[in-house]
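Summary of structural features
Next come the chains, spelled out residue by residue.
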There are 4 protein chains.
Amino acid sequence: MNPQNPDYQSLAQQVFAQAAFVEDVGIRLADLGPGWCESTLAVSRRHWQQDGLIHAGVQATMADHTAGAAAATLVRANEYVLTVEFKINLLRAAQGERLTCRAQVLKPGRTLTVVESEVYAHHQHEQKLVAKATVTLMTLTR
Amino acid sequence: MNPQNPDYQSLAQQVFAQAAFVEDVGIRLADLGPGWCESTLAVSRRHWQQDGLIHAGVQATMADHTAGAAAATLVRANEYVLTVEFKINLLRAAQGERLTCRAQVLKPGRTLTVVESEVYAHHQHEQKLVAKATVTLMTLTR
Amino acid sequence: MNPQNPDYQSLAQQVFAQAAFVEDVGIRLADLGPGWCESTLAVSRRHWQQDGLIHAGVQATMADHTAGAAAATLVRANEYVLTVEFKINLLRAAQGERLTCRAQVLKPGRTLTVVESEVYAHHQHEQKLVAKATVTLMTLTR
Amino acid sequence: MNPQNPDYQSLAQQVFAQAAFVEDVGIRLADLGPGWCESTLAVSRRHWQQDGLIHAGVQATMADHTAGAAAATLVRANEYVLTVEFKINLLRAAQGERLTCRAQVLKPGRTLTVVESEVYAHHQHEQKLVAKATVTLMTLTR
C-alpha cells in the first residue's frame, strides 16, 4: 500500500500523541508502516471489568484507535479519518499483563477505508488472540 | 420482561460498582429496571480523541457496559453475563458536556441475550443520538 | 424526514422493480414513505436451510434490500445508494408462511445513511421478530 | 484444528446438500477440511441488484452458509450449528462471472464458534476480494 503523504509517519503518530483518552487509558504506539499500526498497553487493575477480566471497552478502544492510525498512514497531508462504525468479537476471556494490537488496512478507499484489528493478551510467556475487530473509517478534508 | 432474580437490582448495580475501568472512565449508573439500564458520563478533555471529539472508545465502553447491566437484570442469582460481540455505528461527531446511554434488551435468551444501546450527547440544551450499538452477551453460571 | 426528490416514490420503487435477485427470491415491496420501506415474502421450501428453517441469507437479503429502498427515498433524483456494510442478529429460529420487513432510516447523511431493518416471521396468527439488522449505505451520483 | 467427528466431511457436505435456498441460488460446495470450507457460484443476471452488480444478499448468503459448513466440520456427530449473527463489509462493487468464498474458523468453541468468510469476484483472469464477513454460530445438540 502506497502512502499519499511523504510525511505519513508523523501524521499517524499524532493520532496517538494528541488523543487524550488513549493516553489516559495507557495505550501506546508501538510501530507503524504504510497501511498498518501496532500498539501496546501495560494492563493494571483499573482496566478490569467486574469479574477481573480486561474490559471489552479497553479492547474496543485499542482496536478502534490503532485502526485509525493504520488508516491515517494512507491519507493525504490535509486529510484525517473518523470511525464510522466497528464490530468486535471478544473471542476469549481477556487476562494478562499486557495487551498488544495489530491493525491492518484490508481495503483502502477514497472515501471509506476498512481496517482489521487483532488484540492479543500476553500472560507470562503466552500470547492469545482475545479480540478481532473490523473498523470502517471515513476520510475527511481539514 | 420478567426478572428471574428477586434481587436483580443489586446484581445489576454491582456490574457498575465493581467495574474498575468504567469507574475510571467516569461512567455512572443512572437508573435501571427489568431489561433496561441507563448511565451517564460528565465529559472532560480526557475523553477526547485527537480532533476534540469524544473518543469512539468512550462511547463503545458506555454502550457495552450499560448493555451488560441491562442483560444482568434478567439473569438468575448465580449467573453473570459476558459480552460475546458488539457492533456500534458512530452516527455523528460526538461533542458536549455529558453523554447518556440507554440500553434495552431486544431479545432475552437462556444462553444469549441481545441488547441495543443508544448513546446521546448533551450540549447546552440539546440532546443528539451520537451512537447506536447492538451487543450480544452470553449467560454463564458462577 | 424530508425527501430531496419530489419523485422519491418511483425511485424507491425501482430499487425493487429492477433488482433481479430480489425478484427471484420472491421479496415484494409492500409500502414506503420518506425514510422507511416495508416488504413481504411468501415463504416456501426453497427458502429453507438444511434444518427446515428460513435461511439467514433470505432474511439478510430482505433486511439489506428493504434498507436500500428506505435510504433511496431520501436521495436526490440523480443519486443512488449502495450498501457499504451491514450486521444482522438472527434472534430466533425463523419459521412460518410469511416474512415481513420494516426498514427505517436511523440517521440520514450526505455521504452515509444508517438504516435499521426488522424482519418478522408470521406463523398462523402469530408474528415474531426473527432478525434485526443495521445497514450502512453510501450515496453515489449517477 | 481437530475434528470431533470422524465423519466430519459428510456432515459438512450435508450442510450444502440439504439447504434448499443455497441450491436455489446456485452456490456449490467446492472443498472443505477441518475448520474451513470453500464454495463457488456461477453468476448470472438473476444474481444482480438494480445497478447490474451482484446483490449484497447473494454475497451474504454465500459468506454465511460457507461459514456454517466450516463450523460444522468441528462439531460432534449429534450436533449442528446455527448462525447467531454476522456482519459483512461490501468492499467493492461486485461484478464478474464467478464468485468464490473461503470460510475459515477463527475461534472454535464449545458453545460459540467465530468464522471469517472472504468472498472473491472473478472477472476474466482477475480475482478481487469483494466482501469479508465475520459470522458467530452456536452449536446445538440434535
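What counts, and where the lines are drawn
Residues numbered from 1 in each chain as written. Chains lettered and ligands numbered in written order. Predicted model: local features only at pLDDT ≥ 70, side-chain atom pairs only at ≥ 80, totals over all residues. Core = buried A, V, L, I, M, F, W, Y, C linked by C-beta atoms within 7 Å. Buried ≥ 20, exposed ≤ 12 C-beta atoms within 10 Å, placed from the backbone. Contact = placed C-beta atoms within 7 Å. Helix = DSSP H or I, 4+ residues; strand = E, 2+ residues; numbered from the N terminus. Nonpolar A, V, L, I, M, F, W, Y, C, P; charged D, E, K, R; others polar. Pairing = 2+ DSSP bridges. Axes fitted to C-alpha atoms, helices over the stretch in contact; angles between N-to-C directions. Parallel < 35°, antiparallel > 145°, perpendicular 65-115°, else oblique. Left-handed = near helix turned anticlockwise from the far one by under 90°. Least-squares fit on C-alpha atoms with pLDDT ≥ 70 in both.

Section: the nonpolar core
By size, the foremost hydrophobic cluster in this structure holds 202 residues, and its most contacted members are A:Ala63, B:Ala63, C:Ala63 and D:Ala63. Discounting residues that sit within four places of it in the chain, A:Ala63 has contacts with A:Ile88, A:Cys101, A:Ser117, A:Val119, A:Ala131, A:Ala133 and A:Val135.

With respect to the interface of chain A and chain B
Counting residues at the interface gives 31 residues for chain A and 31 residues for chain B. Elements represented by at least two residues in the side of chain A that touches chain B include exactly helix 1 (8-17), helix 2 (20-25), helix 3 (56-72) and strand 3 (79-90) of chain A. It is strand 3 of chain A that provides the largest number of residues to the side of chain A that touches chain B, a total of nine residues. Along the lines of polarity and charge, the residues of the side of chain A that touches chain B split into 13 nonpolar, eleven polar and seven charged. Sheet topology note: the strand 3 of chain A/strand 3 (residues 79-90) of chain B ladder contains five bridges and is antiparallel. Along strand 3 of chain B, the bridge assignment pairs A:Asn89 with B:Glu85.

Quick look at the interface of chain D and chain A
At the interface, nine residues of chain D touch nine residues of chain A. The element that contributes the greatest number of residues to the side of chain D that touches chain A is strand 6 (residues 126-141) of chain D, accounting for three residues. Of the residues in the side of chain D that touches chain A, the class split is three nonpolar, three polar and three charged.

A short note on the sheet that holds strand 4 (residues 98-107) of chain D
By definition, the strands of a sheet pair up through backbone hydrogen bonds, in either a parallel or an antiparallel sense. Pairing is antiparallel in the open sheet, where twelve strands are placed in the order 1(C)-2(C)-4(C)-5(C)-6(C)-3(C)-3(D)-6(D)-5(D)-4(D)-2(D)-1(D). What marks the edges here is a single partner per strand, and that holds for strand 1 (27-33) of chain C together with strand 1 (27-33) of chain D. This sheet shows a mean twist of 25° between the axes of neighbouring strands, independent of strand direction. Relative to strand 6 (residues 126-141) of chain C, strand 5 (residues 112-123) of chain C runs antiparallel, the two being bridged by twelve bridges. When the sheet's bridge partners are listed, C:Val115 is paired in strand 6 of chain C with C:Val135.

Some remarks on unusual backbone geometry
Phi at A:Gln124 takes a positive value of approximately 50°, unusual for a residue other than glycine. Its location among the elements puts A:Gln124 in the loop between strand 5 (112-123) and strand 6 (126-141).

Description of the environment of A:Ala67
Residues and elements named next belong to chain A. Here Ala 67 shows up in helix 3. By the C-beta count within 10 Å, which is 31 here, Ala 67 ends up buried. Ala 67 sits 67 residues away from Thr 134 along the chain, and the two C-alpha atoms are 8.6 Å apart. Beyond its immediate stretch of four places on either side in the chain, Ala 67 contacts Ala 103, Val 115, Ser 117, Ala 133, Val 135 and Leu 137.

A word on the packing of helix 1 of chain A against helix 3 of chain A
Residues and elements named next belong to chain A. Two numbers describe how helix 1 lies on helix 3: the axes approach to 8 Å, and their chain directions differ by 160°. If you check the angle between helix 1 and helix 3, you find them roughly antiparallel. Relative to helix 3, helix 1 is oriented so that their crossing is right-handed. Along the contact surface, helix 1 presents Leu 11, Ala 12, Val 15 and Phe 16, while helix 3 presents Gly 68, Ala 69 and Ala 72. Tallied by class, residues from the contact of helix 1 with helix 3 come to six nonpolar, one polar and no charged.

So, the relation of the copies chain D and chain A
After a rotation of 180° and a shift along the axis of 0.0 Å, chain D superposes on chain A with an RMSD of 0.0 Å. In the structure described here, the two chain copies are related by an operation that fits a two-fold rotation axis. Using C-alpha coordinates, one finds that chain D approaches the rotation axis most closely at D:Lys87, a distance of 3.9 Å. Looking at the interface residues of chain D, 100% of them are also at the interface in chain A, so both copies use one shared face.

Coordinates in, geometry out; function isn't part of it.
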